[in-house]
Structures are given as structure tokens and as C-alpha cells.
Amino acid sequence: MEECISVFDMLKIGIGPSSSHTLGPWRAAERFLNELRNDSNLQSVNRIKIDLFGSLSLTGKGHATDFALMLGLSGQDPETIPIENINSIINSIKTQKKIALGNEFNVSFDFINDIIFNKNFLPFHSNGLTFTAYFNDNTAYSSTFYSIGGGFVVKEERINAKRKIEIKCAFPYKIEKATELLDYCISEQKKISEIVYENEKSMRSETEIHTELMRIWSTMLECMYIGCHTEGILPGGLNVHRRAFDMHQNLIGLGNYSTPENWLTQIRQTEVKFRQILQWVSCFALAVNEVNAALGRVVTAPTNGSAGVIPSVLMYYLVIENHQAGEKEIKQFLMVAGEIGSLFKKGSTISAAMGGCQAEIGVSSAMAAAALCEVMGGSPEQVLMAAEIAMEHHLGMTCDPIGGLVQIPCIERNTMGAIKAINAAELAIGTDPKNAKVPLDKVIDTMWQTAKDMNNKYKETSEGGLAIAVNMADC
């Protein structure tokens, strides 16, 4: 089966705290609305009910799944909704017990009783949800979706149909495995980013590619900026203190800047001592995931829970490694990261509910390592090696969020994933590819086998690991 996965599929702009539990259900709600519209049934709805299953049910409240569903059914777009409007929309639905379906028709909706958290798992995927619309003529219509990680949403019947037909991919360079990607690089004498660029051009104009990649980077930069300039306590009940603000103050203090771009310029002009390098990288990663935890806007890369790794490593390159780097290198970095992420999605999973945290922080670290390796001059062979090294040292990592919140240990894990990515890139650049022992494809397959062998309580259920070793009161 050939699967075309664009960079823009892997790097999505959305609202935190989770791509599978927030962005995915949000998108599923939008698709359900479209199904009702296509059948001309939207105006006949008088009530909506949603059943959540598996991991969506077990950690949905901590991941704001219920909020995402209400916002999606209200016709709000996660890429554009003003963050400051979220609470007022949610509070209005709760108090009025009505929802403006598609921002068009008010229907009955009881926040407490119409979102049902079922602990049982559906057989197809750990993240299942079923929408049911009740109509004025006493009939009903139900539709089931699965949030499979990274904001991707599918229906089971569509997947089954894919298995029965050959899927045609429009990309000139069709890639399912790392070996195929490397073969194209060698035969075409191109970098990985150049192969990716040719594929993207088959789907959209060069102007659109440039605009969208820079919009992704702008969102990442703004997210880091907001996180570094916001203090206080994160929502959710764990009373987690925001650390990026304090760390940023200790590193640079209050600067003479007014925009994220000016802030980046000032950091690049600041003399960074050797011991401060890791502090800066950690600060950038913490900033992103603190914004994510507070229902802020981030870039899913490849998930919301791991959204801090790629921007912090790219910032490391811009402020530490290459002060002359600009849009060309930023786009190059993002294209390589996206392509590596797609290999993991095709060959394994990017869903913590399916594979544990190795599927989130591990994959994001591999993506960042590969991207950094290329912009630092690594060959395609070394780029793939960097991804392999980064993932190799995340294999088996569990997903055990305390309180079902994307905070502990999730926020700190982004700093660790970023540091490992930088180390992996450096190791790969300093290694002759002929001496590599483990191909990237083998690591991707091993990750999938590890995911299948992992006990379900370590897969985003809050039923194992730190999630039960440390309770809310301890925090």
C-alpha cells in the first residue's frame, strides 16, 4: 500500500494539550458535522451525544477531550480560534446546556450527560469515539471515528477498504521505507530535503510550500516566545509551576524586544556560555509544552505531547550553531523532520495510546535529530543514522501521565528528547555510515514490535507507571 504523507500532515497547527486526545477528537467532530451537512440533516438535529472509548475515556478529561469535542461541534477551527475565546465558549455551552451546532443551529447538549466516558476499548484502535445525532422525527444517526495519533482521524471501514484496493500515490518519489528514501537520494544526487520538496511540489505550488512552512515556523517561534514570557501555575490541579519563564529570566532577563522575531534576534546576539547551551534548549522545550498544557496553540510535531522537541532543536541550530541561517535552512529542517516522521507513521505508530511515549517523544527526537544532521552538513546516510540513534535510546518508553494530564512527566521529557536529538546528530556526523550497524528501518520495526508487546497500562491510560506511583495529592 502506497501512502502519501505530506510534511503538512506531520506538522499541524492546533490547540493543546494532546494531538490524539484533543486535536483528533476536534477534527472528528468537524467530520461528523460534514456528514450531517452532506445528508442535509444538520438543521434537523435536536440533540448530540458522544461516547468515548479506551484511552480517550481513561485520560480524556485530563487531555481536554471534552472541551475539544464541544469546540469542534461548535464549528471552531483549532488553527484560527482566538485562544482567549475558548473558556467563554465552553462556559456558555455548560450553563445554557445548548451547543451552536456548526455555529449555525442551537441544539440540546448537556456537558455532564451527553459526553459518556466508557472504559471499554473498541477492537480497531485504543482511541475510539462515536457521535450520535438525534433528529426531530425521533430517528438517530451514529458515526464512529478513531484518533490514531498526531491529529490523524480515520474510520474503520475506510481502513478496511484501503486493504482491498491499491492506493495510488501522486508523489514522484514514493517512499514507504528509509531504504527507498536513501536510494532516491543516491540515484538523484539529492539531499533528503530536496526529495521531499519535489514530492510536495506535486501537491501544491512552491509559493504555498514556502508560505505554509514559514507559517509553521512562525507558530513554533510564537509558542516559544509566549512560554518564555508567561509565569504562573498550569491548569489541571497538579499545581505545576511554569519554569520556562524563570529559566528565561535567568538566561537573558528582560530584553529590549516586542515581537517573537525581535526576541530571536536578541538571543542570537547574546553571548551564550557553554554551560548555558543545554539550559537554553531546555528552556525552549519547556516553553512550548507549558503553552501546550495550558490549551495554547502549538505545532503537532508529530504530536502535541512532543511538540517542544523540534522547535527547541531548530532554535538550538539558529542561536548556537549558525547565526547566518535563515528561511532556507528553516524550511530544509522542517521538511526533513516531516519526512522522518512519516516513515515512523507508516512503519510503526505515532500514537502513545498504541505505542507508549516512544511513539511521541521518541519519534519527535528522531525527526529533530535527522533534521539537525542535514542542516549541519550530514549526508543522507548520516541523517538516517541520526534518526536511528535518537529512536534507539527511546525504545520502550512508557506513557504514564499523572492525573491524565500532559504535564508530568511529559513536559520534561521534551527537554530530554531535544538533548538526545542534538547528541544523536553529532554522533551521526562524526560516524562513517559504513560503520553503522542498525538500519533505521530495523529500529522502526523494533519500535512497533515493542509497542505491541507493551502492557496496555503503559499506553496513555494512567493505569501504570508514574500515573499510579504518584497521585494528585503527592503533587
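Residues numbered from 1 in each chain as written. Predicted model: local features only at pLDDT ≥ 70, side-chain atom pairs only at ≥ 80, totals over all residues. Heavy atoms only, no water.

### As for the nonpolar core
As a reminder, the rule being used: Within this scheme, the nonpolar core is defined by two criteria: the residues are buried Ala, Val, Leu, Ile, Met, Phe, Trp, Tyr or Cys, and they are joined through side-chain atoms within 4.5 Å. Buried, partly exposed and exposed residues are distinguished by accessible area as a fraction of the type maximum, computed with a 1.4 Å probe on protein chains only: under 20%, between the cut-offs, and over 50%, respectively. Any two residues having at least one pair of non-hydrogen atoms within 4.5 Å are treated as being in contact.
In this structure, Trp 217, Trp 263, Ile 310, Met 315, Leu 334 and Ile 340 are the most contacted members of the largest nonpolar core, which totals 113 residues. Residues contacting Trp 217, with those up to four places away along its chain left out, are Met 224, Leu 264, Leu 314, Met 315, Leu 318, Ile 330 and Leu 334. Residues Ala 68, Leu 69, Ile 115 and Phe 145 belong to the second largest nonpolar core, which totals 37 residues.

### Re the side chain of Thr 461
Where we set the bar: Helix and strand assignments follow DSSP, with helices taken as H or I runs no shorter than four residues and strands as E runs no shorter than two, numbered in order from the N terminus. By the criterion applied in these results, polar contacts are pairs of N or O atoms within 3.5 Å in which, for protein atoms, one can donate a hydrogen and the other can accept it, and in which residues neighboring in sequence qualify only through two side-chain atoms.
Within the element layout of this structure, Thr 461 appears in the loop between α19 (440-453) and α20 (466-469). Judged by its relative accessible area of 3%, Thr 461 falls in the buried class. In terms of polar contacts, Thr 461 uses its side chain to reach the backbone carbonyl oxygen of Lys 457, at 3.1 Å. Residues contacting Thr 461, with those up to four places away along its chain left out, are Leu 58, Thr 59, Phe 121 and Asn 456.

### Focus on empty space enclosed by the protein
This is how the line gets drawn: Here a cavity means grid points, on a 1 Å grid over the protein atoms only, where a 1.4 Å probe fits yet cannot get out; a pocket means an open set of points with protein on both sides within 12 Å along at least five of seven lines; lining residues are those with an atom within 4 Å of a point. Grid points are joined across faces, edges and corners, and a volume is the space filled by probe spheres set on the points. Asp, Glu, Lys and Arg are counted as charged, while Ala, Val, Leu, Ile, Met, Phe, Trp, Tyr, Cys and Pro are counted as nonpolar; the rest, among them Gly, fall into the polar class.
A full pass over the atoms with the stated rule returns four cavities of 30 Å³ or more. Of the voids in this model, the largest cavity is the one considered here, and its volume is about 140 Å³. For the lining of the largest cavity, the class distribution of residues is six nonpolar, seven polar and four charged. Surrounding the second largest cavity, 13 residues form its lining, Glu 3, Phe 171, Tyr 173, Ile 175 and Lys 346 being those nearest its centre. Grouping the amino acids of the lining of the second largest cavity by side-chain chemistry returns six nonpolar, one polar and six charged.

### Looking at the packing of aromatic side chains
Applied cut-off: Between the rings of Phe, Tyr and Trp (Trp by its six-membered ring), a pair exists once the centres lie within 6.5 Å; its type follows the angle of the planes, with under 30 degrees stacked, over 60 edge-to-face, and the other angles tilted.
Summed over the entire model, instances satisfying the criterion amount to nine aromatic pairs. Between the aromatic rings of Trp 263 and Phe 284, the centroid separation amounts to 6.2 Å while the plane-to-plane angle is 85°, which identifies the pairing as edge-to-face. Within this pair, whereas Trp 263 is found in helix α11 (residues 260-269), its partner Phe 284 is found in helix α12 (residues 276-293), the two being separated by 21 residues in sequence. Here Trp 263 matches Phe 284 in class, with each residue buried.

### Some words on the side chain of Ser 364
The topology assignment puts Ser 364 in helix α16 (residues 361-375). Leaving out residues up to four positions away in the same chain, Ser 364 has contacts with Ala 301, Pro 302, Ser 306, Val 309 and Ile 310.

### A word on the state of the cysteines
Just so we agree on the cut-off: Throughout, disulfides are identified as pairs of cysteine sulfur atoms within 2.5 Å of each other.
Within this structure, the stated rule accounts for one disulfide. Covalent S-S linkage joins Cys 4 and Cys 169, the inter-sulfur distance amounting to 1.7 Å. The chirality of the disulfide connecting Cys 4 with Cys 169 is right-handed, given an S-S dihedral of about 110°. Of the two residues, Cys 4 sits in the segment before α1 (7-10) while Cys 169 sits in the loop between α6 (156-164) and α7 (178-188), which places them 165 residues apart along the sequence.

### Notes on the environment of Phe 53
Relative to the assigned elements, Phe 53 resides in strand β2 (residues 45-54). By relative accessible area, Phe 53 is classed as buried at 11%. Ignoring any residue separated from it by four or fewer positions in sequence, one finds Phe 53 in contact with Asn 118, Asn 120, Leu 122, Ser 126, Asn 127, Gly 128, Leu 129 and Thr 130.

### Some thoughts on the pairing of strand β6 (residues 127-135)
Here is the rule we go by: We call two strands paired when DSSP finds no fewer than two bridges between them.
Most of β6 sits inside the fold, with eight of its nine residues counted as buried. Sheet topology places β2 next to β6; nine bridges connect them, and they run antiparallel. Paired with Leu 52 across the strands is Leu 129, a residue of β6. Note: β6 against strand β7 (residues 140-149), seven bridges, orientation antiparallel. In the strand pairing of β7, Thr 130 is matched with Thr 144. The antiparallel pairing of β6 with β7 creates a hairpin that spans four residues between the two strands, and Asn 138 there sits at a positive phi of about 70°.

### Thoughts on the confidence of the model for the protein chain
What counts here: A residue's pLDDT is the predictor's confidence in that residue, given on a scale from 0 to 100.
Looking at the protein chain, the pLDDT average stands at 94 and 96% of residues meet or exceed 70. Contacts for the low-pLDDT stretch residues 160-166, under 50 throughout, to residues beyond four places or in other chains number three contacts.

### Here's the deal with the pattern of salt bridges
Threshold: The term salt bridge refers to a side-chain nitrogen of Lys or Arg lying within 4 Å of a carboxyl oxygen of Asp or Glu.
Enumeration over the complete set of coordinates arrives at 15 salt bridges. Of the charged contacts, one joins Asp 114 and Arg 47 as a salt bridge, the two residues approaching to 2.9 Å between their closest N and O atoms. One end of the pair, Asp 114, is in the loop between β4 (105-108) and β5 (115-117); the other, Arg 47, is in strand β2, with 67 residues separating them in the sequence. On the accessibility criterion, Asp 114 (4% relative accessible area) is buried. Looking at Arg 47, the relative accessible area reads 29%, which means it is partly exposed. Its salt-bridge partner being Arg 215, residue Glu 79 comes within 2.9 Å of it at the nearest N-O pair. Highlighted residues: Glu 79 in the loop between α4 (65-73) and α5 (86-96) and Arg 215 in helix α9 (residues 206-228), separated in sequence by 136 residues. Via salt bridges that share partners, Arg 27, Glu 30, Asp 77, Glu 79, Glu 212 and Arg 215 belong to a single interconnected network.

### Focus: the packing of helix α10 (residues 244-251) against α12
How we decide: Angles here are taken between N-to-C directions and fall from 0 to 180 degrees, while the axes themselves are lines fitted to C-alpha atoms, restricted in helices to the stretch in contact. Each crossing gets its hand from how the near helix is turned against the far one by less than a right angle, where anticlockwise is left-handed and clockwise is right-handed.
The interhelical angle for the contact between α10 and α12, taken along N-to-C directions, is 145°, at an axis separation of 9 Å. The crossing of α10 and α12 is left-handed. Residues Ala 244, Met 247, His 248 and Leu 251 of α10 touch α12, and the partners they reach there are Gln 276, Gln 279, Trp 280, Ser 282, Cys 283, Leu 286, Ala 287 and Glu 290. The residue makeup of the contact of α10 with α12, split by class, is seven nonpolar, four polar and one charged.

### A few points about the environment of Val 313
Here Val 313 is to be found in helix α13 (residues 309-321). We classify Val 313 as buried; its relative accessible area is 0%. For Val 313 and Ser 365, which are 52 residues apart along the polypeptide, the C-alpha to C-alpha distance reads 9.1 Å. If we skip the residues at most four places from it in the chain, Val 313 touches Phe 333, Ala 368, Leu 372, Ala 418, Ala 421 and Ile 422.

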